[in-house]
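# Structural features, examined
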Amino acid sequence: MTEEERIFKGELFASEVPELVAKKLKAHRLSQEYSQLFEEDAAERDRILHELLASIGEGTFMLGPIRFHYGCHTRVGSHCFMNFNFTVQDDACITIGNHCNFGPNVTIVTPMHPMLPEERRGLVCSDGEERFLCCAKPVVIGDDCWFGANVVVCPGVTIGEGCVIGAGSVVTRDIPARSFAAGSPARVIRPITEETDAIRNKFPELR
């Protein structure tokens, strides 16, 4: 079994093996190239994103700078917007739905490291070699979600469709669909409904 297969099975893996290092270096290079381009270099930016990511839908725009750890483990839907400093540590798979919006400095992370400091320094494996081991859990984000500035989404989280995550929140657990959640750790504040949140109800001229 390869180390990448271990990642996808949720097992401990060694991130420093050559095949993973090569993928990370490619993602870091492409992220840097994208971030150095001007916004009007749309065609070249689009080419880079299609090379960097597992898939990306039409109409998705990332303002930049961006930082992807693997890139090839992330799927992004159509018509999404990512503001400044979108950071994705996609050791495990990340799936982002359609029509999602991300404020500045949003970070999505999937890896989980040992709690004991001596284990973070390395573990001796069955072959007698010492390796730096961790595991990673996938993140899933549904359609039509909006993330305020400085949100952090933690490993293993699923966020349902139509959610709003308040600025500065740290999302450590699943958020049900059509919920407003905020805080550190984030908790559901209330459901999002037509009765309370439709802008046309607050501004009759929009009806």
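For the structure itself, look to the data block above.
Residues numbered from 1 in each chain as written. Predicted model: local features only at pLDDT ≥ 70, side-chain atom pairs only at ≥ 80, totals over all residues. Heavy atoms only, no water.

### Points about the side chain of T74
Along the chain, the position of T74 falls in strand β5 (residues 74-76). Given a relative accessible area of 0%, T74 falls into the buried group. Within polar-contact distance, the side chain of T74 engages the side chain of D90 at 2.7 Å. (Helix = DSSP H or I, 4+ residues; strand = E, 2+ residues; numbered from the N terminus. Buried < 20%, exposed > 50% of the residue type's maximum accessible area, 1.4 Å probe, protein only. Polar contact = N/O pair within 3.5 Å; in protein donor to acceptor, adjacent residues only side chain to side chain.)

### A short note on the nonpolar core
Grouped together as the largest cluster of nonpolar side chains are 36 residues, with contacts concentrated most on M62, F86, I96, F102, I141, F147 and I159. Excluding its chain neighbours within four sequence positions, the residues that come into contact with F102 are F81, M82, N83, F86, I96, I108, I141 and F147. Counting ten residues, the second largest nonpolar core, distinct from the first, contains F13, A92, C134 and A136. (Core = buried A, V, L, I, M, F, W, Y, C linked by side-chain atoms within 4.5 Å. Contact = heavy atoms within 4.5 Å.)

### Focus on the sheet that holds strand β18 (residues 158-159)
With parallel pairing, the five strands of this open sheet are ordered in space as β2-β5-β8-β15-β18. Single-partner strands in this sheet number two, and they are β2 (55-56) and β18. (Pairing = 2+ DSSP bridges.)

### A short note on the sheet that holds strand β3 (residues 61-62)
Spatially, β3-β6-β9-β16-β19-β21-β22 is the arrangement adopted by the seven strands of the open sheet, whose pairing is mixed. Across the chains shown, the open sheet's two edge strands, defined by having one partner strand only, are β3 and β22 (186-191). Judged from the two bridges that link them, strand β6 (residues 81-82) and strand β9 (residues 101-102) form a sheet pairing that is parallel. Considered in β9, the bridge of M82 is made with F102.

### As for the pattern of salt bridges
For the structure shown, the criterion picks out seven salt bridges. As a salt-bridge pair, R6 and E11 come within 3.5 Å of each other at their nearest N and O atoms. As a salt-bridge pair, E44 and R47 come within 2.7 Å of each other at their nearest N and O atoms. You can see E44 and its partner R47 sitting in helix α3 (residues 42-52), three residues apart, about one turn around the helix. Residue classification places E44 among the partly exposed residues on the basis of a relative accessible area of 33%. Each of E3, R6, K9 and E11 takes part in a single network of salt bridges with overlapping partners. (Salt bridge = Lys/Arg side-chain N within 4 Å of Asp/Glu carboxyl O.)

### What to know about the packing of aromatic side chains
Summed over all chains, the structure comprises four aromatic pairs. Summarising the aromatic geometry, the rings of F68 and F86 are spaced 6.0 Å apart at their centres and angled 70° between planes, so their arrangement reads as edge-to-face. Of this pair, F68 sits in strand β4 (residues 66-68) while F86 sits in strand β7 (residues 86-89); the two residues are 18 residues apart in sequence, bridging distant segments of the chain. For the pair formed by F68 and F86, the shared burial category is buried. With a centroid separation of 4.7 Å and an interplanar angle of 5°, the aromatic rings of F102 and F147 are classed as stacked. One end of the pair, F102, is in strand β9; the other, F147, is in strand β16 (residues 146-147), and 45 residues separate them in sequence. Among the aromatic residues, those joined into a ring-pair cluster are F68, F86, F102 and F147. (Phe/Tyr/Trp six-rings, centres within 6.5 Å; stacked < 30°, edge-to-face > 60°.)

### Some remarks on helix α2 (residues 18-36)
In this model α2 runs 27 Å from its N-terminal to its C-terminal C-alpha over 19 residues, within 8% of the 27 Å that 1.5 Å per residue would give. Inspection of α2 places L20, K24, A27, L30, S31 and Y34 among the buried residues, and these make up the whole buried set. Projected onto a plane normal to the axis of α2, the buried residues spread over an arc of 130° and lie on a single side. Across from the buried face of α2, at angles greater than 90 degrees, the exposed residues are P18, L25 and Q36. Those residues of α2 hidden inside the fold are in contact with α1 (3-8), β1 (13-14), α3, β3 and β4. (Expected span 1.5 Å × (residues − 1). Arc of directions from axis to C-beta.)

### Thoughts on unusual backbone geometry
Cis rather than trans, the peptide bond between G64 and P65 has omega equal to 0°. Mapped onto the elements of the fold, P65 is located in the loop between β3 and β4. Following S184, the chain continues to P185 via a peptide bond in cis, the omega torsion being 0°. The topology assignment puts P185 in the loop between β21 (179-183) and β22. Although it is not a glycine, N85 adopts a positive phi angle of roughly 65°. With respect to the helices and strands, the residue N85 is situated in the loop between β6 and β7. Positive phi, normally seen in glycine, also occurs at N105, with a value near 65°. Within the element layout of this structure, N105 appears in the loop between β9 and β10 (107-109). The partly exposed category is assigned to N105, whose relative accessible area is 32%.

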